[in-house]
Each structure stands twice: as C-alpha cells, then as structure tokens.
Amino acid sequence: MARGVTTALAVGVAVVCVTGLAAAPSDSELEVVRLDPAAAPPGGRTVVHAFVANRGPEQTASPFTVVVRLPPGFTAQGPYFPEDCRAEARGRLVRCTFGPGLARLRTATALVPVRVDADVPPGSKAEGHVQVMSVDDRDPRDDRTPFTLSVDC
C-alpha cells in the first residue's frame, strides 16, 4: 500500500500543500552475484564489477545502494560507473545508488576501478565484499558476497 506524502510549497506569499503518493516497497529479490576482478600487478589497476540481479517477482519500486568494500593494499580510484558513486574511508569503501525500476530478471552493475598498492607482493590474494541494500529486498541472505583480488607479476 502506498504512503501519503505531503509537501508544502511556497507560491508567492501563500503556502500550498500538495499530497502525493510514495511508492510502497516492491516484492523484489535482489542478489549480489560473485565476480572476481582480473589480476593486476603491484601499482597496477583492475576493476571490480559489483553485479546485482533482481530475481523478482516484481520490478524494484525503491532505490537501492551497492557498497564495495576493499581490503588493505587496494584503493578505489574513479571515475566510477555510475558517475554518482562516492568513495569513503580513504578509498576503501565505495557507495553507488541506483534508482527504482530495476525490472524482474534484469541486472545492474557498478564499476569500481581499483589501484593495487605498489608494496603488495606479487602472488598475494585478498578478499573484498560487495553488498546491496534496499527496502524492496525480501531476503538478506544473498545481499553480500566476497570477491578475490589477485596480484600478479
């Protein structure tokens, strides 16, 4: 059921109240799909593909946020996709928000370029995580998955 939303607008010297309807959360099942990035050398770059699928049965009615968490030795460096992704915690965490309307059986992907610190030894492996958050999602068990960052020669 939709919730009523009232917004006050100043028009000239009068205040006009407008009542509209905000969409109720949908019956959607968002799932993070594991994708490991390509290996990169010390000082090199790779890209984390934060891949989210809507298993349905409905299209999302609310925005959802994808969060990428990087381990020590790896730093996010834009530009990101979508462009409104924001890095936090000195580039170790990136948040990307997608609008409502992800259809059933469709996917969304955030692209997060990552720099490998120059002092990370070749042959190293480290685990990061991708998580999706939404009021539409009905089952949190598949909202987070790890990925492995590999350092080659």
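Note that this is a predicted model, so its numbers are computed, not measured. (Residues numbered from 1 in each chain as written. Predicted model: local features only at pLDDT ≥ 70, side-chain atom pairs only at ≥ 80, totals over all residues. Heavy atoms only, no water.)

Caption draft 1: Broad picture of the sheet that holds strand β10 (residues 125-133). Read across the open sheet, the five strands follow the order β7-β8-β5-β10-β11; overall the sheet is antiparallel. The outermost strands of the open sheet, each flanked by one partner alone, are β7 (86-88) and β11 (144-150). The average angle at which neighbouring strand axes cross in this sheet is 20°, direction not considered. Across five bridges, the pairing between strand β5 (residues 64-69) and β10 is antiparallel. Paired with T65 across the strands is M133, a residue of β10. (Pairing = 2+ DSSP bridges. Helix = DSSP H or I, 4+ residues; strand = E, 2+ residues; numbered from the N terminus. Axes fitted to C-alpha atoms, helices over the stretch in contact; angles between N-to-C directions.)

Caption draft 2: Expanded view of the packing of aromatic side chains. For the structure on display, the rule yields one aromatic pair. Taking the centre distance of 5.2 Å and the plane angle of 10° together, the rings of F64 and F98 count as stacked. A residue pair is termed long-range when its members are at least 10 positions apart, and F64 in strand β5 and F98 in strand β8 (residues 93-98) qualify at 34 residues. (Phe/Tyr/Trp six-rings, centres within 6.5 Å; stacked < 30°, edge-to-face > 60°.)

Caption draft 3: View of the side chain of Q131. Mapped onto the elements of the fold, Q131 is located in strand β10. At a separation of 3.0 Å, a polar atom in the side chain of Q131 contacts the side chain of R69. For Q131, the contacting residues outside a window of four places in its chain are V32, T65, V66, V67, R69, D143 and R144. (Polar contact = N/O pair within 3.5 Å; in protein donor to acceptor, adjacent residues only side chain to side chain. Contact = heavy atoms within 4.5 Å.)

Caption draft 4: Inspection of the pattern of salt bridges at higher detail. Applying the stated criterion across every chain, the model contains eight salt bridges. We note a salt bridge from R138 to E29, for which the minimum N-O separation is 3.3 Å. Highlighted residues: R138 in the loop between β10 and β11 and E29 in the loop between β2 (14-22) and β3 (30-33), separated in sequence by 109 residues. A salt bridge links R55 to E31; its shortest N-O distance comes to 3.2 Å. With R55 in the loop between β4 (45-54) and β5 and E31 in strand β3, this pair connects stretches of sequence that are 24 residues apart. If you follow the salt bridges from partner to partner, you end up with D27, E29 and R138 in one network. (Salt bridge = Lys/Arg side-chain N within 4 Å of Asp/Glu carboxyl O.)

Caption draft 5: Structural detail: the sheet that holds β3. Read from one edge to the other, the open sheet built from four strands follows the order β3-β4-β9-β6, with strand pairing classed as antiparallel. At either end of the open sheet lies a strand with only one pairing partner, and these are β3 and β6 (74-76). Here the average twist between neighbouring strands, direction ignored, is 35°. Pairing geometry for β4 and strand β9 (residues 107-116), over nine bridges, is antiparallel. Bridging from a neighbouring strand, A50 pairs with A110 of β9.

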